[in-house]
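Take a look at the letters that make up each chain.
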Amino acid sequence: MAEHTILVVEDDSTVRELLKYRLGKHYEVYTATNGEEALDQIEETIPDLIISDIMMPKMDGFALQSALQTDKNTRVIPFIFLTARADEEARQQGERKGVDDYITKPFDMETLLSRVERLLERIDMFQTQLDAEIGRDFSNRLLPDETPEMGGYELDFYSESREQGGGDLFDWTETDEGTYFLTIGDVMGKGLRAKFYAFSFLSYVRGTLHTLLEESTSPAALMGELNDMLLNDDVLEDTFATFLLLHWDPHAHTVTYANAGHCRPVLVRPDGATIHEHSDLILGLEEDVRFSEVSLDLDPSTALVCYTDGLTEQHTQDGSMLGEDGVRDLAVEAYGGDAPIQALLDGVLSRSPSDSFEDDLLVVWLERLAD
């Protein structure tokens, strides 16, 4: 399928069919014989670019362009006027109305194709810059500005987006008892769509936690409420997410968590590391799912490492993926250093043929310090 769509508005059937044939080799092309037909076409499909004659029956090119300027959804569509009127007055009128280019008949087809290509490249560049800016804004909203400071513990995280990134999220909430809920998730999808749903999902999580924590601090019970919310919400009903919900009690030195299809945490001790294999269904798939939970003791010099699949799916030198076992082994190597997350990431890339990560990733490292 063609990447860009072009609407050709031309009452001369010969010129119209010629443009459709030549442009159709590179783009998806729609045609109309006058401005009124063009508006009907645009109601069905908004094109990436319009090539229009000026002198046409019923509605000429200037009237069409003016009509599109009144609608916020169409006012930014690039316009090329293609006409036999070569006088300076017509050209100036087009420039005043924001027309992007002006080509007179007879025209050279290669010149027209070149100008079309340049305009579409400019559109792509602006869209990429806009997506990147929006993506950065969403990324900032999916991550906390700081982490809790608790004596005897270190909690740190690292996040990296690939291009516009996906839906990795991390947040924390303090309860009235001085304990904390850590939320780590990965909303399915890539780019801005995933970020939008991740932001919406995180907003619901925050609201749900603040409401439900008055009744329960059970991660399993809260996970069930979040699952029902996804299935019953009109906006998020088609959203699927892997999710890790952890209740950290730094006074009792425990972490109790429920896992909905997320990457399984690694518990690192001085004598080695284990992968805690507990995991239930991902969120948003089935109704009335009963989630379970696991409690871990955080002894002195114990670290809990949570992450998204940007780590496990990174390819290694032999072409395979790093996997959970690879993350576990590298977490052991990183354990005990001043910057364990950075050491873990460096270790992953040292095993990879690439010097950068292939996907967006998130790593959370919670460590109880030695007495």
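Here's a quick rundown of the structure.

Scoring rules and cut-offs
- Residues numbered from 1 in each chain as written.
- Predicted model: local features only at pLDDT ≥ 70, side-chain atom pairs only at ≥ 80, totals over all residues.
- Heavy atoms only, no water.
- Phe/Tyr/Trp six-rings, centres within 6.5 Å; stacked < 30°, edge-to-face > 60°.
- Helix = DSSP H or I, 4+ residues; strand = E, 2+ residues; numbered from the N terminus.
- Buried < 20%, exposed > 50% of the residue type's maximum accessible area, 1.4 Å probe, protein only.
- Pairing = 2+ DSSP bridges.
- Axes fitted to C-alpha atoms, helices over the stretch in contact; angles between N-to-C directions.
- Contact = heavy atoms within 4.5 Å.
- Parallel < 35°, antiparallel > 145°, perpendicular 65-115°, else oblique.
- Left-handed = near helix turned anticlockwise from the far one by under 90°.
- Polar contact = N/O pair within 3.5 Å; in protein donor to acceptor, adjacent residues only side chain to side chain.
- Patch = residues over 30% accessible without salt bridge, like charges linked within 9 Å, V, L, I, M, F, W, Y side chains within 5 Å.
- Areas by Shrake-Rupley, 256 points an atom, 1.4 Å probe, with all protein chains shown as cover.
- Salt bridge = Lys/Arg side-chain N within 4 Å of Asp/Glu carboxyl O.

1. What about the packing of aromatic side chains?
Across all of its chains, the model carries 6 aromatic pairs by this definition. Both rings, one in F62 and one in F81, keep their centres 5.0 Å apart while their planes meet at 85°; by these two values the pair is edge-to-face. Placement of F62 in helix α3 (residues 61-69) and of F81 in strand β4 (residues 79-83) is noted, with a sequence separation of 19 residues between them. An identical accessibility class is assigned to F62 and F81; each is buried. Relative to F170, the ring of F157 has its centre 5.1 Å away and its plane inclined at 55°; by these criteria the two rings are tilted. With a gap of 13 residues between them, F157 in strand β6 (residues 153-160) and F170 in strand β7 (residues 166-174) connect regions that are remote in the sequence.

2. Here we look at the sheet that holds strand β14 (residues 302-307)
Reading across the sheet, the 5 strands line up as β6-β15-β14-β11-β12 and stay open at both edges, with antiparallel pairing between neighbours. Each edge of the open sheet carries a strand with a single partner, namely β6 and β12 (272-275). Direction aside, neighbouring strands of the sheet carry axes that sit 15° apart on average. Where β6 and strand β15 (residues 361-368) come together, 8 bridges link them in antiparallel fashion. From the neighbouring strand, Y158 faces β15, where its bridge partner is V363. Set on the sheet, helix α9 (residues 323-334) makes contact with β11 (266-269), β12, β14 and β15; between it and β12 the angle comes to about 150°. Seen against the sheet, helix α10 (residues 340-350) touches β6, β14 and β15 and runs at an angle of roughly 135° to β15.

3. Structural notes on the packing of α9 against α10
Running from amino to carboxyl end, α9 crosses α10 at an angle of 130°, the nearest separation of the two axes being 8 Å. For the element pair α9 / α10, the angle class is oblique. In the packing of α9 onto α10, the handedness of the crossing is right-handed. Where α9 abuts α10, its residues V327, L330, A331 and A334 lie against P340, A343, L344, G347 and V348.

4. Digging into unusual backbone geometry
Although it is not a glycine, K58 adopts a positive phi angle of roughly 70°. Phi at H253 is positive, roughly 60°, even though this residue is not glycine. The residue H253 is located in the loop between β9 (241-249) and β10 (254-260) in this model.

5. A closer look at the side chain of T316
By the element assignment, T316 lies in the loop between α8 (309-312) and α9. For T316, a relative accessible area of 12% puts it in the buried group. Side-chain polar atoms of T316 contact the side chain of D318, separated by 2.6 Å. Apart from the residues lying within four places of it in its own chain, the contact partners of T316 are M321, L322, R351, S352 and P353.

6. Considering a nonpolar patch on the surface
Residues F240, L281 and L285 make up a contiguous nonpolar surface patch of roughly 240 Å² in combined accessible area. Structurally, L285 is set in the loop between β12 and β13 (294-297). Overall, L285 belongs to the partly exposed group, its relative accessible area being 45%.

7. Topic: the pairing of β9
Taking burial as the measure, the 9 residues of β9 include 9 buried ones, the bulk of the element. By the alternation rule, side chains of β9 split into A241, F243, L245, H247 and D249 and T242, L244, L246 and W248, which are all buried. As paired elements, β9 and β10 share 7 bridges and run antiparallel to each other. Counterpart to W248 in the pairing with β10 is V255. Joining the antiparallel neighbours β9 and β10 is a turn of 4 residues, in which H253 adopts a positive phi near 60°.

What is shown is where atoms sit, not what they do.
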